[in-house]
Amino acid sequence: MKKILYIHHAGNIGGAGVSAYNTINLLSTKYNVVVLCPSSPRDFSDFLKSKQINVRTYDIPIVSVYYISGGVPIYSPVFVKGIVNIFRYRKSWEAIVKDEAPDLVVVNSKILSWFSLVTENLKVKSVCFVRETRKYSFLNIWNSIHKYLLNKFTKVIFISNYDEKCEGLEKNKATVVPNFLDLSEYVLEYSKKDLLNKFNLPHYGFNILFVGGMAKIKGVDVAINSLKYLTNYNVNLLIVGADKFSYRAENSILDKLYNLIKKRYENRIIKSINKNSLKKSIFFLGVQENMAGVYALADVLIFPANYPHQARPAFEAGALRKTVIMPDFENTEEYVKNNTNGLTFKRRNSRSLAEKIAYLIDNPEVRTKLGDNNYENTVRNHVREVSERKIHEIIKEII
């Protein structure tokens with residue numbers, strides 16, 4: 001059985017982690033898959049171990065270059081440190097890959113595009129999944145660097161047609177395989193009443209689901225501020241994910257500046273909540289491993305990202321016939337088509353978002369129709385059976 005070394009950059013479980021697990025699980029049916037991921041935090045490695053996945057953790061940094069939509073700016077210490085660490089740890093990673101002796105190396109993210117330098121030097125075949133959307137760049141320098149590095153992989157798998165087209169890689173280098181899910185994992189085990197009791201939620205009102213925790217990129221400020229335009233309705237905003245803002249250790253002036261800016265952002269949200277008496281309408285559900293029950297609670301899913309961001313929750317919600325409201329970024333319009341399987345609103349505009357929510361409250365038949373269409377979209381484009389065949393064909397061609 002041929003060996004695949006699968007490298008993931010994060011220790012927590014997010015959308016990329018879920019997508020990684022689905023892909024790893026799929027590949028494990030035909031190949032010996034060994035996963036490398038960070039030793040800290042342990043969430044992702046522990047999760048994989050619970051699924052009987054062969055996982056090994058590492059303490060040296062798996063360097064990430066965050067030049068993606070919503071990523072850190074190039075003057076950020078995180079970005080600069082990433083560039084420096086490529087030169088610092090490249091030889092260490094070459095030694096790890098050489099020791100593992102895989103037939104194929106797979107990296108789970110575009111932010112690991114530099115890893116093509118490692119596989120090229122070792123003459124090991126490689127695949128990169130591009131799960132992020134492209135960052136606009138006036139000078140296009142860093143996008144050009146990413147393109148140069150991506151072209152060094154044996155194959156690059158995009159999850160969206162938009163990004164595959166924008167990247168413009170060499171002929172036959174790129175292909176598109178949408179993110180996917182296993183419908184069997186979206187079967188409800190409890191009634192809605194039981195779920196409301198489980199999360200200590202009111203048994204009345206219109207439930208607006210926001211999946212993204214207290215993350216600026218996901219648009220938590222837009223989500224919360226939309227409530228002040230919905231005072232004529234009985235609504236509950238359910239926030240899934242981290243319920244607190246995370247801050248950096250202040251090891252430099254730039255770290256302190258980053259924390260100061262983030263604190264101002266947090267304070268603006270707190271001020272809005274207090275000023276508009278919104279606290280009674282906001283419920284934090286924390287990080288959830290099983291999302292089926294969470295989606296079942298929702299009357300609508302909102303994904304009000306402040307920057308273009310791949311929206312896995314859009315088709316996950318579709319698995320339970322829920323409609324979704326998304327910002328009008330062209331990067332993500334292939335996921336949600338306005339008035340077809342969801343609605344779009346003016347980006348970063350909480351009033352526009354509120355208007356779309358109100359429309360769905362006032363027109364339940366439209367909400368049902370859009371939800372049914374979103375289910376059809378999920379089944380047509382985002383189920384395991386569709387992507388499994390494509391991925392196995394790609395890997396078979398390579399090794």
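Here, every reference points to the structure presented above.
Residues numbered from 1 in each chain as written. Predicted model: local features only at pLDDT ≥ 70, side-chain atom pairs only at ≥ 80, totals over all residues. Heavy atoms only, no water.

With 33 residues, the main nonpolar core has Leu201, Leu209 and Tyr295 as its most contacted residues. Only helix H7 (192–198), strand S8 (206–211), strand S9 (235–240), strand S10 (282–286), helix H10 (292–297), helix H11 (312–318) and strand S12 (324–327) provide two or more residues apiece to this core. Not counting the four nearest positions on each side in its chain, leucine 201 is found in contact with Leu196, Leu238, Phe283, Leu285 and Leu297. With 32 residues, the next largest nonpolar core counts Val235, Ile302, Phe345 and Leu370 among its residues. (Core = buried A, V, L, I, M, F, W, Y, C linked by side-chain atoms within 4.5 Å. Buried < 20%, exposed > 50% of the residue type's maximum accessible area, 1.4 Å probe, protein only. Helix = DSSP H or I, 4+ residues; strand = E, 2+ residues; numbered from the N terminus. Contact = heavy atoms within 4.5 Å.)

The next subject is the packing of helix H1 (residues 15–27) against helix H14 (residues 384–398). Put simply, H1 and H14 touch, their axes get as near as 10 Å, and they point 65° apart. Crossing hand, H1 versus H14: right-handed. Residues Thr23, Asn25, Leu26 and Leu27 of H1 touch H14, and the partners they reach there are Arg384, Ser387, Glu388, Ile391, His392 and Ile395. Broken down by class, the residue content of the contact of H1 with H14 amounts to four nonpolar, four polar and two charged. (Axes fitted to C-alpha atoms, helices over the stretch in contact; angles between N-to-C directions. Left-handed = near helix turned anticlockwise from the far one by under 90°. Nonpolar A, V, L, I, M, F, W, Y, C, P; charged D, E, K, R; others polar.)

What follows covers a positive patch on the surface. Together, Lys228, Lys271, Lys275 and Arg351 give the surface a local cluster of positive charge. Summarising the element assignment, lysine 275 is placed in helix H9 (residues 253–275). (Patch = residues over 30% accessible without salt bridge, like charges linked within 9 Å, V, L, I, M, F, W, Y side chains within 5 Å. Areas by Shrake-Rupley, 256 points an atom, 1.4 Å probe, with all protein chains shown as cover. Salt bridge = Lys/Arg side-chain N within 4 Å of Asp/Glu carboxyl O. Lys, Arg positive; Asp, Glu negative; His and termini not counted. Charge placed at Lys NZ, Arg CZ, Asp CG, Glu CD.)

With that settled, the discussion passes to the side chain of asparagine 377. Tracing the backbone through its elements, the reader meets asparagine 377 in helix H13 (residues 364–381). Not counting residues within four places of it along the chain, the set of residues in contact with asparagine 377 comprises Tyr335, Asn341 and His382.

Across all of its chains, the model carries 14 salt bridges by this definition. Linking lysine 110 and glutamate 167 is a salt bridge whose minimum nitrogen-to-oxygen distance equals 3.1 Å. In this pair, lysine 110 sits in the loop between strand S4 (104–107) and helix H4 (116–122) while glutamate 167 sits in helix H6 (residues 161–167), placing the two residues 57 residues apart along the sequence. For lysine 110, a relative accessible area of 1% puts it in the buried group. Looking at glutamate 167, the relative accessible area reads 2%, which means it is buried. Ionic pairing is found between glutamate 388 and arginine 384, a salt bridge with its closest N-O pair at 3.4 Å. Placement of the pair is glutamate 388 and arginine 384 together in helix H14, with a separation of four residues, close to one helical turn. The exposure class of arginine 384 is buried, given its relative accessible area of 14%. If you follow the salt bridges from partner to partner, you end up with Lys3, Arg56 and Glu100 in one network.

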